[in-house]
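The chain contents come next:
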Amino acid sequence: MPNTVSKDSPLLTGLAPVIAPDTRILVLGSFPGAASLAAQQYYAHPRNQFWKLVGALVGEDLYGLPYDERLPRLLAHRFGLWDVLAACEREGSLDSAIRKPAANDFERLHKLCPKLETVGFNGQASGKFAPQFAEAGYRTVVLPSSSPAHMAISFEQKLAVWGALMEEGDADPQASGQAPLF
């Protein structure tokens, strides 16, 4: 389905998840911005700090790599990437402009990523889903947005909070016997 807004089809669809069976950390955004939808690439806007933040966490210059090389490197570090929304109506890229949101189907996540421990939420809009994931037994971290629209805090301040993704979590749904809810 095309990712364009028109009078006939105003629904935008998101990007496929970037996950693997050994994914330990999943970062969920809200919904791809206009630049990402146009490029069909996560965090394609050149001022978005996502690739620099995650690169700093894993000790590899992900931002300096071509996009098609970033994804395998991200997976090699056991990071996954997706959005909380599968589709919505929106003009522009701001989360505040999202209308008619439709959440992604997370029911199968524990089967697709059985080693998943931590779910990070890239910004407050996606962070609204944190309680649902915490109830399912995952460690959750609501992160300051990497978006160029959210530059109220410095890269270094954001990186300090994003570092929580790398901490070992207490929640292990498989070890506790608690089955994930989705």
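Residues numbered from 1 in each chain as written. Predicted model: local features only at pLDDT ≥ 70, side-chain atom pairs only at ≥ 80, totals over all residues. Heavy atoms only, no water.

Trainee: Run through the side chain of N104, naming residues and quoting values.
Mentor: Mapped onto the fold, N104 is located in the loop between β5 (99–103) and α4 (109–112). Looking at N104, its side chain comes within polar contact range of the main-chain oxygen of D83, at 2.6 Å. If we ignore the near neighbours within four places in the chain, the residues touching N104 are W82, D83, V84, L85 and A86. (Helix = DSSP H or I, 4+ residues; strand = E, 2+ residues; numbered from the N terminus. Polar contact = N/O pair within 3.5 Å; in protein donor to acceptor, adjacent residues only side chain to side chain. Contact = heavy atoms within 4.5 Å.)

Trainee: Run through the pattern of salt bridges, naming residues and quoting values.
Mentor: If you walk through the whole model with that rule in mind, you get three salt bridges. Put simply, E60 and R73 hold a salt bridge, and the shortest N to O gap is 2.8 Å. One end of the pair, E60, is in the loop between α2 (50–58) and α3 (67–76); the other, R73, is in helix α3, with 13 residues separating them in the sequence. The class for R73 is partly exposed, based on a relative accessible area of 32%. The residue E89 makes a salt bridge to K100 at a minimum N-O spacing of 3.7 Å. (Salt bridge = Lys/Arg side-chain N within 4 Å of Asp/Glu carboxyl O. Buried < 20%, exposed > 50% of the residue type's maximum accessible area, 1.4 Å probe, protein only.)

Trainee: Talk me through the confidence of the model for the protein; I want residue IDs and the actual numbers.
Mentor: Confidence along the protein averages 87 in pLDDT terms, with 87% of residues attaining 70 or more. This stretch, residues 1–9, has a pLDDT under 50; its non-local contacts, to residues over four places away or in other chains, come to 14 contacts. Below pLDDT 50 for its whole length, residues 170–182 participates in 29 contacts with residues either more than four positions away or in separate chains. (pLDDT = per-residue confidence, 0-100.)

Trainee: Please set out the packing of aromatic side chains residue by residue, giving values where relevant.
Mentor: Enumeration according to the criterion identifies nine aromatic pairs in this entry. Look at Y43 and F50: their rings are 4.2 Å apart centre to centre, the planes differ by 15°, and that puts the pair in the stacked class. Assigned by exposure class, Y43 and F50 land together as buried. Measuring from centroid to centroid gives 5.0 Å for W82 and F106, while their planes differ by 75°, and the two rings are edge-to-face. Of the two residues, W82 is situated in strand β3 (residues 79–83) and F106 in the loop between β5 and α4; the sequence distance between them amounts to 24 residues. For the pair formed by W82 and F106, the shared burial category is buried. An aromatic cluster is built from Y42, Y43, F50, W51, Y67 and W162, whose rings are joined through pairwise contacts. Sitting above the plane of the Y63 ring, K52 keeps its charged end 4.5 Å from the centroid. (Phe/Tyr/Trp six-rings, centres within 6.5 Å; stacked < 30°, edge-to-face > 60°. Lys NZ or Arg CZ within 6 Å of the ring centre and 35° of its normal.)

Trainee: How would you explain the sheet that holds strand β1 (residues 12–13) if you had to name every residue and give the values?
Mentor: On the basis of which strands lie adjacent, the open sheet formed by three strands has the order β1-β4-β5 and antiparallel pairing. Lying at the two open borders of the sheet, with one neighbouring strand each, are β1 and β5. Direction of pairing for β1 relative to strand β4 (residues 85–89): antiparallel, over a ladder of two bridges. Paired with T13 across the bridge in β4 is A87. (Pairing = 2+ DSSP bridges.)

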